[in-house]
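# Understanding the architecture of this molecule
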Amino acid sequence: MFTGIVEELGSVVALVRPDGDGDGAAQDAVLTVAGPLATSDARPGDSIAVDGVCLTVTSVADGAFIAEVMPETLRRTSLGGLVPGTRVNLERALPANGRLGGHVVQGHVDGVATLVGRTPGPRWDDLEFSAPAALTRYVAEKGSVALSGVSLTVTWVSDEGFGVSLIPTTLAATTLGGLVPGDAVNVEVDVLAKYVERLMAAGAAR
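Residues numbered from 1 in each chain as written. Predicted model: local features only at pLDDT ≥ 70, side-chain atom pairs only at ≥ 80, totals over all residues. Heavy atoms only, no water.

### Comments concerning the overall build of the protein
Looking only at helices and strands, one finds four helices and 12 strands in the protein. A globule of 206 residues ought to have a C-alpha radius of gyration of about 17 Å, and the protein, at 17 Å, matches this closely. Viewed in the frame of its principal axes, the protein has a C-alpha envelope of about 50 × 45 × 40 Å. Put simply, the protein has 206 residues, and 38% of those count as buried. Residue pairs at least 24 apart in sequence account for 68% of intrachain contacts in the protein once pairs closer than 6 positions are excluded. (Helix = DSSP H or I, 4+ residues; strand = E, 2+ residues; numbered from the N terminus. Rg over C-alpha atoms; globule rule 2.2 N^0.38 Å. Buried < 20%, exposed > 50% of the residue type's maximum accessible area, 1.4 Å probe, protein only. Contact = heavy atoms within 4.5 Å.)

Here is the structure:
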């Protein structure tokens, strides 16, 4: 698992689709990302969150790691649009004796939200995102949400979207600081909300 506390900004080296461009209907991809900290102790089989997406390391060399990205991941997330040079948020999996500084993040992205507004404050920015109701139903005011792998507190929510506020550290240390209206972010809602809904539905069925 992860905590939503970004450790470093990595850089995309390559995103290669083994079968060529194709139509994207059922393709996978091989992603190479440079990140000195993330690769400092990485081994094949380790998990690293890239913009909030849990990926399994297949190899490590020269300060970069390679991971395979499944078609389902490309459909659900923004990773399919990555190009060489794109900055991405990186977080290594939480060690058993680590601190849970953010909230429980699985790295299993539920969907994508789009930035529709940004209001600068004296030392923070308020961001407004549009998102489908299938996502916002699991978002709660003052609850937690992971945006491109960053653990954040929700400031407001409606059926059409939600808002968050970014402190200076988040603005400087993550990709969220450079977002402009129209940009997409990967969204992982609080896993507890999904399990509660599932349990209630199962109970009602019985």
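### A word on the sheet that holds strand E11 (residues 161-166)
If you trace the six strands once around the closed barrel, you get E7-E8-E11-E10-E9-E12, paired in antiparallel fashion. Averaged over all pairs of adjacent strands, the angle between their axes in this sheet comes to 45 degrees, without regard to strand direction. Both strand E9 (residues 144-147) and strand E10 (residues 150-157) contribute to a ladder of four bridges, which runs antiparallel. Within E10, the position partnered with Val145 by the bridge is Leu152. (Pairing = 2+ DSSP bridges. Axes fitted to C-alpha atoms, helices over the stretch in contact; angles between N-to-C directions.)

### Regarding the environment of Ala113
With respect to the element layout, Ala113 can be found in strand E7 (residues 111-120). By relative accessible area, Ala113 is classed as buried at 0%. As for Ala113 and Gly4, which are separated by 109 residues in sequence, their C-alpha atoms are 17 Å apart. Among residues more than four places away in sequence, those in contact with Ala113 are Phe129, Ser130, Ala131, Phe162, Asp183, Ala184, Val185 and Val187.

### Points about the pattern of salt bridges
Side chains carrying opposite charge are able to pair once their charged atoms draw close together. For the structure shown, the criterion picks out seven salt bridges. Ionic pairing is found between Asp41 and Arg92, a salt bridge with its closest N-O pair at 3.2 Å. Here Arg92 lies in strand E6 (residues 87-92) and Asp41 lies in the loop between strand E2 (29-34) and strand E3 (47-50), a separation of 51 residues in the sequence. Here Arg76 makes a salt bridge to Glu72, at a shortest N to O gap of 2.9 Å. (Salt bridge = Lys/Arg side-chain N within 4 Å of Asp/Glu carboxyl O.)

### Let's talk about the sheet that holds strand E4 (residues 53-61)
If you walk around this closed barrel you meet the six strands as E1-E2-E5-E4-E3-E6, and the pairing is antiparallel. Each adjacent strand pair in this sheet contributes to an overall mean axis angle of 45 degrees, direction not counted. In the sheet, E2 pairs with strand E5 (residues 64-69) via six bridges, with the strands oriented antiparallel. Bridge pairing links Val33 to Phe65 in E5.

### Concerning the pairing of E11
Across the six residues that make up E11, a large majority, five, are buried. One ladder, built from six bridges, connects strand E8 (residues 125-130) with E11; its direction is antiparallel. Residue Phe129 lies in a different strand from E11, and its bridge partner there is Phe162. Strand direction decides the pairing type here: E10 and E11, joined by three bridges, are antiparallel. Along E11, the bridge assignment pairs Val157 with Phe162. Where E10 folds back on E11, the antiparallel hairpin that results is connected by three residues.

### What about the nonpolar core?
One finds Phe129, Leu147, Leu152, Phe162, Val164, Val185 and Val187 to be the most contacted residues of the largest nonpolar core, which totals 21 residues. Put simply, the parts of the chain that give this core at least two residues each are E7, E8, E9, E10, E11 and strand E12 (184-189). (Core = buried A, V, L, I, M, F, W, Y, C linked by side-chain atoms within 4.5 Å.)

### Observations concerning unusual backbone geometry
Excluding glycine, residues mostly carry a negative phi; peptide bonds, for their part, are mostly trans. Of note in this structure, Asp51 is not a glycine but carries a positive phi near 50 degrees. Structurally, Asp51 can be placed in the loop between E3 and E4. Here Asp51 falls in the buried class, since its relative accessible area comes to 7%. We note that Asp62 has phi near 55 degrees; this positive angle belongs to a residue other than glycine. Position of Asp62 relative to the elements: it lies in the loop between E4 and E5.

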